[in-house]
Amino acid sequence: MKAKLSNQDTFTIGLMLFALFLGAGNMIFPPALGQAAGENIWVAIAGFLFTGVGLPLLGVTAIGLTGGSLNDIASKVHPVFGLTFTAVLYLAIGPLFGIPRTGTVAFEIGVVPFLGESTNPTGLPLLLYTIVFFGITFLVALNPTRLVDRVGKFLTPMLILVLGSLIVGAFVNPPGSLSAPSPNYENGVFFKGFLDGYLTMDAIAALVFGIVVIKAVNDRGVTDRKTVSLAVLKAGMIAAVGLTAIYLSLAYIGATSLDLVGKADNGGEILSHVASYLFGSFGTALLGTAITFACLTTSVGLVTACGEYFSKAYPKLSYKVVILLVTLFSAFVANLGLTQLITFTVPVLIAIYPVAIVLIFLTFINYAIPVHNYVYRGAILLTILISIPNAIEGAGLVEFGFLHALPLYSEGVGWLIPAVAGGLIGFIMLQYNQKK
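Quick caveat: nothing in here was measured; it's all calculated off a predicted structure.

*Asks:* Looking at this structure, how should I read the nonpolar core?
*Replies:* Across soluble globular proteins, nonpolar side chains show a tendency to be buried alongside one another. With 136 residues, the main nonpolar core has F21, M27, F85, I204 and L359 as its most contacted residues. Sort the elements by how many residues they give to this core and helix 13 (residues 267-313) lands first, with 18 residues. With sequence-adjacent residues up to four places away left out, I204 is seen in contact with L89, I93, L349, I352, Y353 and A356.

What follows is the structure in structure tokens.
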């Protein structure tokens, strides 16, 4: 048993975590945000970094501090809530949204630029591609034991090299100047970026990937809880630095792309055009190859996580059966197309992201000062009572006029003050019951 990880092992695990995060959404949303924000890019990206980098780092660290799992954290509210919320998060980052998106992004950047204008990309080409993509995902997920080393030592450096070339090229020979912001990014820019960071799904993915990092540390002979927590934090910081650099650069590329690309439907379209502008068809092919590997890595990581969780939660389902069902369903959902998939994803993330954020912060508070489950219940209950109606409004189904009176509701974080109030109510109830 080792006393601590070597610097090389820590760096390798950090790169692995960076690669697991740097998948589908991380590639396409910063350029799209940049193009929409234009001259307001730096304020928008600050909000995006808060939810797209800061919260994932906190999420991974929270799992490292507890030494447990997402279910352990969520069960502090109630065991039934723990099982339910954990299953919901796994389904969201898994077969409902996260895994299908890896296939559609890889297709959008790696294949669509080479299709003829008369070809319908969301028809037969997408179907054939997703069959191959998720078939490979299934085969690799059957035996993912060497995923950490392969990703950390080989695939991630290749991806960084390709993206670095694109970023340097775009700064040396920018496709255009900063454009005027779109109407949505003229006011409340920070909070708009904050909400766009939800789309990466990395804060909720962090609650799943945290256990992967802990296992990677344990596999190297380090089992002391405090040492493992520190190793997880260091790996998370390595991933956070890498993500920040990539996001800032891709957002800037998007902010200068309007003259070259026009108004794009998604960030994948922006990256493909910029790669072609800088390096021709070779650059487009190289970018497509690198991003395909990145998306495939994330897909395998998510499929593996879903397989391990659901096979343990429901022992009658074997790991092999679970990952087969997950990959088949993901391939089906992926054929909706990238733009349509993003549209469906937003309301669900508006509902569950605030709950995940509150759980992360409660975990840190509980680590410093033990927190009773009354506080957990009060904070989570009031968060849910705001986030779910907010999501329903976001889907355009029903308007809840009374919610608009909440502070910060128009900025998309109307759940924040109710969450604090719910925690305080839970604390007061605890004090009252203890005095009886």
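Picking up where we left off.
*Asks:* When you look at the packing of helix 5 (residues 79-96) against helix 15 (residues 338-368) in this model, what are you seeing that I'm missing?
*Replies:* The packing of two helices is summarised by the inter-axis angle and the distance between the axes. Relative to each other, helix 5 and helix 15 sit at 145°, their axes nearing to 11 Å. The interaxial crossing formed by helix 5 with helix 15 has left-handed handedness. Residues F81, F85, V88, L89, A92 and L96 of helix 5 touch helix 15, and the partners they reach there are L341, I352, V355, A356 and L359. Of the residues that constitute the contact of helix 5 with helix 15, the class distribution is eleven nonpolar, no polar and no charged.

*Asks:* Looking at this model, I keep getting lost on the packing of helix 10 (residues 202-219) against helix 15. Mind explaining?
*Replies:* Following both chains from N to C, one finds helix 10 and helix 15 inclined at 55°, their axes separated by 9 Å at the closest point. Accordingly, the angle class assigned to the pair helix 10 and helix 15 is oblique. Regarding helix 10 and helix 15, the two cross each other, and that crossing is left-handed. Counted together, D202, A203, I204 and L207 of helix 10 and L349, I352, Y353, A356 and I360 of helix 15 form the full contact between these two elements. When grouped by side-chain class, the residues that make up the contact of helix 10 with helix 15 number eight nonpolar, no polar and one charged.

*Asks:* Sorry if this is basic, but what is going on with the side chain of D196 here?
*Replies:* With respect to the secondary-structure elements, D196 resides in helix 9 (residues 189-196). Taking the relative accessible area as the measure of exposure, D196 reaches 13% and is therefore buried. Excluding residues that lie within four positions of it along the chain, D196 makes contacts with L33, F48 and Y185.

Thresholds applied
- Residues numbered from 1 in each chain as written.
- Predicted model: local features only at pLDDT ≥ 70, side-chain atom pairs only at ≥ 80, totals over all residues.
- Heavy atoms only, no water.
- Core = buried A, V, L, I, M, F, W, Y, C linked by side-chain atoms within 4.5 Å.
- Buried < 20%, exposed > 50% of the residue type's maximum accessible area, 1.4 Å probe, protein only.
- Helix = DSSP H or I, 4+ residues; strand = E, 2+ residues; numbered from the N terminus.
- Contact = heavy atoms within 4.5 Å.
- Axes fitted to C-alpha atoms, helices over the stretch in contact; angles between N-to-C directions.
- Left-handed = near helix turned anticlockwise from the far one by under 90°.
- Nonpolar A, V, L, I, M, F, W, Y, C, P; charged D, E, K, R; others polar.
- Parallel < 35°, antiparallel > 145°, perpendicular 65-115°, else oblique.

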